[in-house]
Amino acid sequence: MSEPHVFDPRSPLYKTPFGAVLRGQSVTLTCRPLARDAFTHCAVLLHHEFAGITQETELFYTGDGDGRACFSATFAAPPEPELIWYHFRLWRDDGSGCLLDKSGYRSEGAPEPWQLTVYQENHTPEWFGAGVTYQIFPDRYCRLSLPDPAGLVGDRWVHKDWSEGPSWKMEDGEIKNRDFFGGSLQGITAHLEDLEAMGVSTLYLCPIFESASNHRYNTADYTKIDPMLGTEEDFRQLCAQARERGIRVILDGVFNHTGSQSIYFNADGFYDTLGAAQSQASPWYEWFSFIQWPQTYESWWGIHTLPNVWENCPDYLDYIIRNEDSVVRRWLRAGASGWRLDVADELPDAFIEQIRAAVEETDPDGLVLGEVWEDASNKISYSQRRKYLLGRELHSVMNYPFRTTLIAYLQGGRAEHFRDAMETIRENYPPDAFLSNLNFLGTHDTPRILNLLSGEPLPEGREAQASFHLSPVGRERGLALVRLAAAVLFAFPGSPMVYYGDEAGMEGGGDPFNRGTYPWGQEDKTLVEWFTRLGAFRQQRPSLQRGTLTWLAAEGSLLAFSREYEGEITILVVNAGTETRALTLPKLSGMVDLLRSQELPAGENGLNLALLGYSVRLLGN
């Protein structure tokens, strides 16, 4: 902040407790202007966004110290979840004064306030945040036999060669995503032992329901497993066998839109029943918003094959959420442990709240995770401030800010920026939500992490990307930095998620090249071993699962933080630069280099480390 030591919400000297607070909890704020500024009064202005009111509360003068005047007040957070924006007003007896906000002192203009998140008591499943998540794009993970696409919805065809690249050429102005490789649920089940060895405790599956496309985000029938993936019994077996290994399965819920070729819309008449595009007497007609029936309708981002669903339609709510055999409840009973909500920004708050209630009624230990690309505590979508993390909606979100700022740091940015971005998230999120953030390096929506960290830019255009491969030098640099990225990922609070194949050294640009087939038999075995070792540490050390976070260093290329839980300490130190960096960790002794199984002698000033370029140390007591 621009006015150091006047107010810092991250220091207990100025604000307690740290970060978000429970509804009704006491909050103490302290402002410490320089005594020479001669301020005699101070007040805090609290704007309650959802209640639409602003309160001004005067802070009490509590004396001088260290050349500063101290003003302090304690107040109770509101009884209902809320987002509060606050700044200070300081003035003298003669009436002169100024405002204090995140930018420092100001005399005019709209203030830049601090955020206080007020949330209600919240049960977050411990199995998720403490464990490792693995994301699978089902068609591309493992094929046990060549499937026959005949008679299935969509004009599908299957690659005979598993090692071919995905089809990328456009048809009628779009990529049809009709090429399949034949990965299956049984193929995933066959590799549960490998996933267990990597410490995986949660499988996040991209959509598995019947669909006309290989990505299956254009659902055709929420009640059926896509036949090319297998049967409902295959799904139940996957969940059961995974659970025996301590692995949960969460599903991708695409509830904002369906496919135009779905049983509900049935634009091409594939299904025998009447879809909304065929008859206004269709049982699903009220689900959709037609502008001019049947040709013109609201669709996701204007994509004609993805007609939007009206989430507030009572019949749709019953079908997806409220009925005893609703989609949400049915697949939980079949073995799933939770739902990841696709494009959560497109779903109304009330809709998400009802999903949360249905999940917890069906499985009190079930998870609701949301796809949110920004800070989910203050996200605005469609001109509305969202309430994702206030206790009634999402347990957790995809932590895109983690990915964005970590990649920027590893690409030559400063560790300070990563630390500050993550401190903002930690400050704004309820503690349980922060500890269950889904952290990741890549997903089915982003280029492969190896490409991004290689230093070699992706060529423009799909034709160029289809044949692009990293040079030996670029690949070597990328692999070195992926090792560092994975170390931060597995050591940081939240659930580390590995996108299938990142641990095997897969390359790929944007969609569809980031969705290639898993390179069985061609994996980078050294990288697989690295991810496996990190997964083992995550599984063995409680401090990495649920420990507190303390930043030890953030200076240019050097990053260090510790996790501590019930006396166990784990420290990660990373040098993302090419030059050797030195670091002294004071008051530390009895530490072991976990990666090398070596005891580290402490000097008079503490533990002295020398880190070569592109290197990492993982220490523990």
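Higher on the page you've got the structure.
Here the structure is a predicted model, which means the values were calculated and not measured.

For strand E1 (residues 15–16) and strand E3 (residues 26–31), the ladder comprises two bridges, and the chain directions are antiparallel. In the sheet register, Thr16 faces E3, and the bridge partner there is Thr28. In this sheet, strand E6 (residues 68–76) lies alongside E3 in antiparallel orientation, the contact comprising six bridges. Bridging across to E6, Ser26 finds its partner in Ala76.

Now for the environment of Leu583. The residue Leu583 is located in strand E30 (residues 581–585) in this model. Classification of Leu583 by relative accessible area gives buried; the value is 10%. Every residue in contact with Leu583, bar those within four places of it in the chain, is listed here: Ala553, Leu558, Ala560, Val573, Leu607, Asn608 and Leu609.

Here the focus is the sheet that holds strand E11 (residues 132–136). Strand order in the open sheet made by the eight strands is E24-E21-E20-E17-E14-E11-E26-E25, with parallel pairing throughout. Each edge of the sheet is formed by a strand with only one pairing partner; in this case those strands are strand E24 (396–397) and strand E25 (438–440). Where strand E21 (residues 367–370) meets E24, two bridges bridge the pair, whose relative direction is parallel. The residue bridging Leu369 from the neighbouring strand is Ser396, located in E24.

Counting 137 residues, the largest nonpolar core has Tyr134, Leu203, Phe235, Phe255 and Trp339 as its most contacted members. Take this core: its biggest share by element is 11 residues, from helix H13 (residues 472–491). Once you skip the residues sitting within four places of it in the chain, Phe235 turns out to touch Leu185, Ile208, Ile225, Val249, Leu251, Trp331, Ala334, Gly335 and Ala336.

Two numbers describe how H13 lies on helix H14 (residues 525–540): the axes approach to 10 Å, and their chain directions differ by 15°. One way to sum up the angle between H13 and H14 is to call them roughly parallel. H14 is crossed by H13, and the crossing has right-handed handedness. Taken together, the residues of H14 that come into contact with H13 (itself represented by Leu479, Val482, Arg483, Ala486, Ala487, Phe490 and Ala491) are Thr526, Leu527, Trp530, Phe531, Leu534, Gly535 and Arg538.

The next thing to look at is the packing of aromatic side chains. Tallying each qualifying case throughout the model produces 48 aromatic pairs. Measuring from centroid to centroid gives 4.7 Å for Tyr400 and Phe440, while their planes differ by 80°, and the two rings are edge-to-face. Here Tyr400, found in helix H8 (residues 400–410), pairs with Phe440, found in strand E25; they are 40 residues apart in sequence, far enough to count as distant. A single burial state applies to Tyr400 and to Phe440, both of which are buried. Over the aromatic face of Trp331 sits the side chain of Arg330, whose NZ or CZ is 4.9 Å from the ring centroid.

For the rest of this paragraph, the subject is the pattern of salt bridges. According to the stated counting rule, one finds 37 salt bridges in the structure shown. One salt bridge connects Glu232 with Arg330, and the closest N-O pair in it is separated by 2.8 Å. Here Glu232 is found in helix H4 (residues 232–244), whereas its partner Arg330 is found in helix H6 (residues 327–333), with 98 residues between them in sequence. A salt bridge links Arg426 to Glu423, with the nearest nitrogen and oxygen atoms 2.7 Å apart. Of this pair, Arg426 and Glu423 are both found in helix H9 (residues 415–428), three residues apart, which corresponds to roughly one turn of the helix. Residue classification places Arg426 among the partly exposed positions, given a relative accessible area of 22%.

Tracing the backbone shows Asp345 in the loop between strand E20 (338–341) and helix H7 (349–362). Overall, Asp345 belongs to the buried group, its relative accessible area being 16%. A polar side-chain atom of Asp345 sits 2.4 Å from a polar atom in the side chain of Tyr388. Setting aside anything within four residues of it in sequence, one finds Asp345 in contact with Glu371, Val372, Glu374, Lys379, Ser381, Tyr382, Arg386 and Tyr388.

With that settled, the discussion passes to the sheet that holds strand E31 (residues 591–593). Across the sheet, which stays open at both edges, the six strands sit in the order E27-E28-E29-E34-E31-E32 with antiparallel pairing between neighbours. Bordering the open sheet on either side are strand E27 (548–555) and strand E32 (598–600), each of which pairs with just one other strand. Strand-to-strand twist across the sheet, computed as the mean angle between neighbouring axes with direction ignored, equals 25°. As judged from the three bridges shared by E31 and E32, these two strands associate in the antiparallel manner. From the neighbouring strand, Asp593 faces E32, where its bridge partner is Gln598. Where H9 meets the sheet, its contacts fall on E27 and strand E28 (558–565), and the angle it forms with E27 comes to roughly 155°.

Each value, and the rule that gives it
Residues numbered from 1 in each chain as written. Predicted model: local features only at pLDDT ≥ 70, side-chain atom pairs only at ≥ 80, totals over all residues. Heavy atoms only, no water. Pairing = 2+ DSSP bridges. Helix = DSSP H or I, 4+ residues; strand = E, 2+ residues; numbered from the N terminus. Buried < 20%, exposed > 50% of the residue type's maximum accessible area, 1.4 Å probe, protein only. Contact = heavy atoms within 4.5 Å. Core = buried A, V, L, I, M, F, W, Y, C linked by side-chain atoms within 4.5 Å. Axes fitted to C-alpha atoms, helices over the stretch in contact; angles between N-to-C directions. Parallel < 35°, antiparallel > 145°, perpendicular 65-115°, else oblique. Left-handed = near helix turned anticlockwise from the far one by under 90°. Phe/Tyr/Trp six-rings, centres within 6.5 Å; stacked < 30°, edge-to-face > 60°. Lys NZ or Arg CZ within 6 Å of the ring centre and 35° of its normal. Salt bridge = Lys/Arg side-chain N within 4 Å of Asp/Glu carboxyl O. Polar contact = N/O pair within 3.5 Å; in protein donor to acceptor, adjacent residues only side chain to side chain.

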